[in-house]
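# A look at the structure
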Amino acid sequence: MSQIEPAAKSHLLRSKLFWVSLLYFSEGFPLGLFYDLFPVYFRQQGVELSKIGLLSLLGLAWSLKFLWAPVIDYTRRHRYWMAAVDIGMGLVMMYFAYNAGFGSGVWVAIGVFTVLSATNDIAIDGYTIERLDKQEYGLANGFRIGFYRVGMLTAGALLWFSDYAGWNATYWLSAAIFVGMAVLSLSAPKEDARIESSSKVSTNQEFGFLTESPALMLSIAMFILALLWPIFNALSIESIALLKKTWWFKSIPVALILLAAFIFRYGFQRISATHWESLQNGPVFGALISLLNRKHAFVIICFILIFKLADSSIGFMIKPFWVDSGFTNTQIGMISVNLGLALSIAGGVLGGWYTDRVGIYKGLWLLGLTQAFSNLGYVIAAMTIPQVAQGTEIALSHQAIMYSASAIESLTQGLGTGAFLAFMMAIVDKSKATTEYAILSSIFAFSRSIAGWAGGVGAQEMGYTSYFLLTFVLAFPAYLMLPWIKQVLANAVAVAPASSTAKESA
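To start, this report covers the structure provided alongside it. (Residues numbered from 1 in each chain as written. Predicted model: local features only at pLDDT ≥ 70, side-chain atom pairs only at ≥ 80, totals over all residues. Heavy atoms only, no water.)

## Digging into the nonpolar core
To keep it simple, the criterion reads: To define a nonpolar core, start from buried Ala, Val, Leu, Ile, Met, Phe, Trp, Tyr and Cys residues and group those joined through side-chain atoms within 4.5 Å. Think of it in three bands: residues with accessible area under 20% of the maximum for their type are buried, residues over 50% are exposed, and the middle band is partly exposed, with areas taken using a 1.4 Å probe on protein chains only. Numbering of helices and strands runs from the N terminus; a helix is a DSSP stretch of H or I covering at least four residues, while a strand is a stretch of E covering at least two. Throughout, a residue-residue contact means that at least one pair of heavy atoms, one from each residue, lies within 4.5 Å.
Phe223, Phe303, Ile304, Leu364, Phe423 and Ile443 are the most contacted members of the largest nonpolar core, which has 79 residues in total. The element contributing the most residues to this core is helix H19 (residues 396–427), with 10 residues. Other than its neighbours up to four places away in sequence, Phe303 contacts Leu364, Phe423, Ala478, Met481, Leu482 and Ile485. Ranked by size, the runner-up nonpolar core spans 33 residues in total, among them Phe25, Val92, Ile110 and Ala118.

Structure (C-alpha cells):
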C-alpha cells in the first residue's frame, strides 16, 4: 500500500472541498427559493396570506425524505440523481416563467419542486459522506455550512433581480442555474466503486423476516411515526387544535423515538442469526434496523437530541428579544442577520478546521463549551438593556452589549455546528450512508422544532434573563454522555471500510 505524497494529498483535499462547496450551494439554493422567493412572488400576485401559509405543508418533503432515501442507497448513482433532480427543478422554474397566478397546477409544481429538492439533499449528503475521509469531515462541514447559506443568499438576491428584470426573467435565470448545477454534478468525481449497496435481500424476504418479531415491527412503526409527526403539527385539524398547543403533544415524537430505541434493544425476542443479518441488509428498513441495533444506539439518539439544545432553545427567541429591546428592523437585519450569517459561516469553517486538527471527540467537548457559554452574552444583555418600544433611542453602551452578544453567539454557533455535523457523518455506515444520515438529521430536526416551541413558552413565563440563563444550563446534560460517545467514535473507526490511503492509492 503506497503512501500519498503531502502535495498530492493536499491537492486531493482541495478538490474534495471544491465539490463539497459546489454541491452544498446547490442544496441551499432551492431551500432559499422556497422560503424567500416564492412567498414574495405569490403575495405580489395577490394570493391570500392563508394560501401562502399553506405552502409550508409542501415543505414537509424535507422532513420525510428518509422514506425514499433507501432507493438512492440501493441504486448508488448519486451524481445521476443530483443531475436529474436539478433538471426537474429547472423545469419547474420554466413552468413558473410561463404561468402566473395560483391555480392547482402551481400547488402540484411546488410539491414536485420540494420532493426533488429533498431528493437532491439525500443524494448530496450520501455522496459527500462516501467521498470524504473521517479526518476531513470537520473542515468539509465548515465549507458545507458556508456554501449552503451562500446558496440561500443567492436565492434571496434573485428578489433584487426581479425588481429590475421582472419575474419571468428571474425564473428563467433560476432555471439556467439549475441546468448549470446539473451539468456540474455529472462532472463530479465518480462514486467509489468499492462501496457497494449492502442490500442483498429482496423486499418480500425482508418483510417475511420482520413477521418473526412483532416487537421489532412495533419499534420500527413507532420510530417512523415519530419521524412523520410534523404532519400532525402542520395540518389544520380542528379536533386536535387544542392538543397541539400542549407541551406533551409537542414532545410525543421524541418520546416515540426513545421508546422505539428502548423496545428495539431490550424488548423483543431474538430471531435467527441468519435472518437477523439479512434484516440489517434489507432494502427498506435495513439502515434503520442496523442503526438501532448498534452498540450505544440509545445514547447516540439522546446525544443528537440534546447536544445542540442550548443553541436551539435560544435561537428562536433572539429576534423577539431584539424587538422588545427597541432595536429597529434595519439594526436587526444588519447585525443579527447579515453580520450574524457571515460570522456563523466563519465559525463553521474555523470549527471544522479545528475539529480536523484535534479530532471529533475533543472538538465536541471544546467547541460545544464555547457554544454554551456564548448564551451568557445574551443573559448579560437581558439584565442590562431595558425593554422599550421599537424605535426608541438606545444608548451606545447598550448597543455595544447587544452587538457583542450577537457576534459571539453567531460565531460560536458555527463552531459547534461544524463539530456536530462531523460527528453525525463519522458514525454512519458508508454502505448505508444516505439513509442513515437522513434518519439522524430527521432526529436532530425534532429537537430543534420542539426547542423552538418550548422557547416561546419559557421566555414568556420566565422572562428573557431567566430563560436565557436556563438555555446555558441545558448545554450540559449532553456532556454526561461524552464517555459513551467517545466509544461510539472509536467503534466507527474500527468498523470503517477501506482506509482513505487505500482508496486514494488504488
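## Quick notes on helix H7 (residues 167–187)
Defined as follows: Here the expected length of a helix is defined as 1.5 Å per residue gap, with one fewer gap than residues. Arc, as used here, means the arc of the directions from the helix axis to the C-beta atoms.
Taking 1.5 Å of rise per residue, 21 residues should cover 30 Å, and H7 covers 30 Å from first to last C-alpha, within 8% of that figure. Along H7, the positions that sit buried rather than exposed are Trp167, Thr170, Tyr171, Ser174, Ala175, Phe178, Met181, Ala182 and Ser185. For H7, the angular spread of the buried residues around the axis is 140 degrees, confining them to a single face.

## Quick word on the environment of Gly456
Mapped onto the fold, Gly456 is located in helix H20 (residues 433–462). The class of Gly456 is partly exposed, set by a relative accessible area of 26%. Expressed as a C-alpha distance, the spacing of Gly456 and Met317, which sit 139 residues apart in the sequence, is 6.8 Å.

## What about the side chain of Thr412?
Defined as follows: Polar contact criterion, stated in full: a pair of N or O atoms within 3.5 Å, where within protein one must be able to donate a hydrogen and the other to accept it, and residues adjacent in sequence count only if both atoms are side-chain atoms.
Examined against the element boundaries, Thr412 turns out to sit in helix H19. At 2.9 Å, the side chain of Thr412 forms a polar contact with the backbone oxygen of Ile408. Leave out the neighbours within four places in its chain, and Thr412 touches Thr370, Gln371 and Ser374.

## Here's the deal with the side chain of Ser21
Positionally, Ser21 belongs in helix H1 (residues 6–44). Note on Ser21: relative accessible area 7%, which makes it buried. Within polar-contact distance, the side chain of Ser21 engages the backbone oxygen of Leu17 at 2.7 Å. In contact with Ser21, not counting residues within four places along its chain, are Phe143 and Phe147.

## Quick word on a nonpolar patch on the surface
The condition that has to hold: For patches, a residue must show more than 30% relative accessible area and have no salt bridge; joins then use 9 Å for like charges and 5 Å for nonpolar side chains, namely Val, Leu, Ile, Met, Phe, Trp and Tyr. Working definition of accessibility: Shrake-Rupley area with a 1.4 Å probe, residue cover restricted to the visible protein chains. Salt bridges are counted wherever a side-chain nitrogen of Lys or Arg sits within 4 Å of a carboxyl oxygen of Asp or Glu.
Nonpolar side chains collect at one region of the surface, where Ile87, Leu91, Val179 and Val183 lie side by side and expose about 320 Å² of accessible area between them. Of all the secondary-structure elements, those providing two or more residues to the nonpolar patch are helix H4 (78–98) and H7. Secondary-structure assignment places Val183 in helix H7.

## Focus: the packing of aromatic side chains
To be explicit about the condition: Pairing of aromatic side chains requires ring centres within 6.5 Å, counting the rings of Phe and Tyr and the six-membered ring of Trp. Pairs whose planes differ by under 30 degrees are stacked, by over 60 edge-to-face, and all others tilted. A ring is scored as having a charge over it whenever the NZ atom of a lysine or the CZ atom of an arginine sits within 6 Å of its centre and within 35 degrees of its normal.
Following the criterion strictly, the structure yields 37 aromatic pairs and no others. Judged by centre distance (5.1 Å) and plane angle (80 degrees), the ring pair of Phe18 and Trp19 falls under edge-to-face. Residue classification places Phe18 among the partly exposed residues on the basis of a relative accessible area of 48%. Ring geometry for Trp365 against Tyr479: centres 5.1 Å apart, planes inclined by 65 degrees, an arrangement best described as edge-to-face. Placement of the pair is Trp365 in helix H17 (residues 360–373) and Tyr479 in the loop between helix H21 (464–473) and helix H22 (482–494), with a sequence separation of 114 residues. Since its relative accessible area comes to 33%, Trp365 is described here as partly exposed. Feature note: the residues Phe25, Phe29, Phe38, Tyr41, Phe42, Tyr95, Phe96, Phe113, Trp167, Tyr171 and Phe178 constitute an aromatic cluster, connected by ring pairs. Above the plane of the ring of Tyr80 lies Arg79, whose end atom (NZ or CZ) is 5.2 Å from the centre.

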